[in-house]
Amino acid sequence: IVHAALRTTHASRVVMCPTYYSDDRMLDVVFGKRPAGYLDDLGRRLDPRVGVYWTGEEICTREFSIGHLERVGEALRRKPTLWDNYPVNDGPRMSRFLHLRAFTGRPSVIGQYVAAHAINPALQAHLCLIPAASLAASYREGTGYCYMSAFRAAARTLAGAELADMLEDDLYALQ
């Protein structure tokens, strides 16, 4: 199906999401036991021009490590395109919360191991720009990145000083 789409599209880039888009065993519960060698087979059979979405070691991963991304990239024979399930809040477990905390666990050094880094936004489109801006800051600032400073700067820019202060005061309750 992906190869048929690739043949007929005029898009400059095609990225697909595999059934098993994470190492998380929850996918085996939902979709059945993953076939042995799943990522290796996918990487070998998929046209190298096609990117592959990946959410990490968990569906809603806490951090991305170089070792994990290297292993996945080798299996897929391409750098994965991260589909980061933060600050998403559309599922039954996550929808009661507003995830505004700045990104952590995404060190800028992972940039060389991924094709791209996409985020799954929250339902509150404008407010989820706060963590999105912090992710950009983490890549831009590298080892100098400070997540609370990034949160404060993004919140003030996007929500104004008064609302930014209220959001920071309630940040843990919102999370």
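Bear in mind the structure is a predicted one, so any value in this text is a computation, not a measurement.

Q: Would you explain the overall build of the chain in this entry?
A: Looking only at helices and strands, the chain features eight helices and four strands. Secondary structure elements of the chain, listed N to C terminal, follow the sequence α-β-α-α-β-α-β-β-α-α-α-α. Its C-alpha atoms give the chain principal-axis dimensions of about 55 × 35 × 35 Å. In the chain, which comprises 175 residues, the share counted as buried stands at 41%. Partitioning the contacts of the chain with sequence separation of at least 6, the portion at a separation of at least 24 is 70%. Entry remark: accessible area of the chain is about 9900 Å², with carbon and sulfur atoms responsible for 56%.

Q: Can you walk me through the packing of aromatic side chains in this structure?
A: One pair of aromatic rings is described through two measures. These are the centre distance and the angle between the planes. For the structure on display, the rule yields four aromatic pairs. The interplanar angle of 85° and the centroid separation of 6.2 Å between the aromatic rings of tyrosine 20 and phenylalanine 31 together place this pair among those described as edge-to-face. In this pair, tyrosine 20 sits in the loop between β1 (14-16) and α2 (26-31) while phenylalanine 31 sits in helix α2, placing the two residues eleven residues apart along the sequence. In this structure phenylalanine 31 comes out as partly exposed when scored by relative accessible area, which is 46%. Members of the aromatic cluster, connected to one another through ring pairs, are Tyr20, Phe31 and Tyr38.

Q: Just to check I follow, could you spell out the packing of helix α6 (residues 147-159) against helix α7 (residues 161-169) for this structure?
A: Relative orientation and spacing of two packed helices are given, respectively, by the angle between their axes and the distance between those axes. Contact geometry of α6 with α7 gives a least axis separation of 7 Å together with a crossing angle of 140°. Taken together, the axis directions place α6 and α7 in an arrangement best described as oblique. Regarding α6 and α7, the two cross each other, and that crossing is right-handed. Across the interface between the two elements, Met148, Phe151, Arg152, Ala155, Arg156 and Ala159 of α6 pack against Ala161, Leu163, Ala164, Asp165, Leu167 and Glu168 of α7. Looking at the contact of α6 with α7 residue by residue, the classes come out as eight nonpolar, no polar and four charged.

Q: Just checking my understanding: could you explain the packing of helix α3 (residues 38-45) against helix α4 (residues 66-76) for this structure?
A: With their axes 6 Å apart at the nearest point, α3 and α4 run at an angle of 50° to one another. Here α3 is positioned oblique relative to α4, judged by the angle of their axes. Two secondary-structure elements touch here, α3 through Leu39, Asp40, Leu42 and Gly43 and α4 through Arg71, Ala75 and Leu76. A class-by-class count of the residues in the contact of α3 with α4 yields four nonpolar, one polar and two charged.

Scoring rules and cut-offs
- Here the residue numbering is sequential within each chain, running from 1 through the sequence in written order.
- For a predicted model such as this one, the threshold for reporting local features is a pLDDT of at least 70, and the threshold for listing and counting side-chain atom pairs is 80 or more; totals across whole chains, interfaces and linings nevertheless cover every residue.
- Side-chain metrics in this entry use all non-hydrogen atoms of the structure; hydrogen atoms and water are not considered.
- Counting from the N terminus, the helices are DSSP H or I runs at least four residues long and the strands are E runs at least two residues long.
- Accessible area is worked out with a 1.4 Å probe on protein chains only. A residue is then buried under 20% of its type maximum, exposed over 50%, and partly exposed in between.
- Here a residue-residue contact requires only that any non-hydrogen atoms of the pair lie within 4.5 Å.
- Accessible surface is estimated by sampling points in the Shrake-Rupley manner with a 1.4 Å probe; for residues, cover comes only from the protein chains shown.
- Each Phe, Tyr or Trp ring, with Trp reduced to its six-membered ring, pairs with another whose centre is within 6.5 Å; inter-plane angles below 30 degrees give stacked pairs, above 60 give edge-to-face pairs, and intermediate values give tilted ones.
- All axes here are fitted lines through C-alpha atoms, helices being fitted over the stretch that makes contact, and every angle between N-to-C directions spans 0 to 180 degrees.
- In this scheme, roughly parallel covers angles under 35 degrees and roughly antiparallel covers those over 145, while 65 to 115 is roughly perpendicular and the rest are oblique.
- Helix crossings fall into two classes, left-handed where the near helix is turned counterclockwise from the far one by less than a right angle and right-handed where it is turned clockwise.
- Three classes are used: nonpolar for Ala, Val, Leu, Ile, Met, Phe, Trp, Tyr, Cys and Pro, charged for Asp, Glu, Lys and Arg, and polar for all others, with Gly counted as polar.

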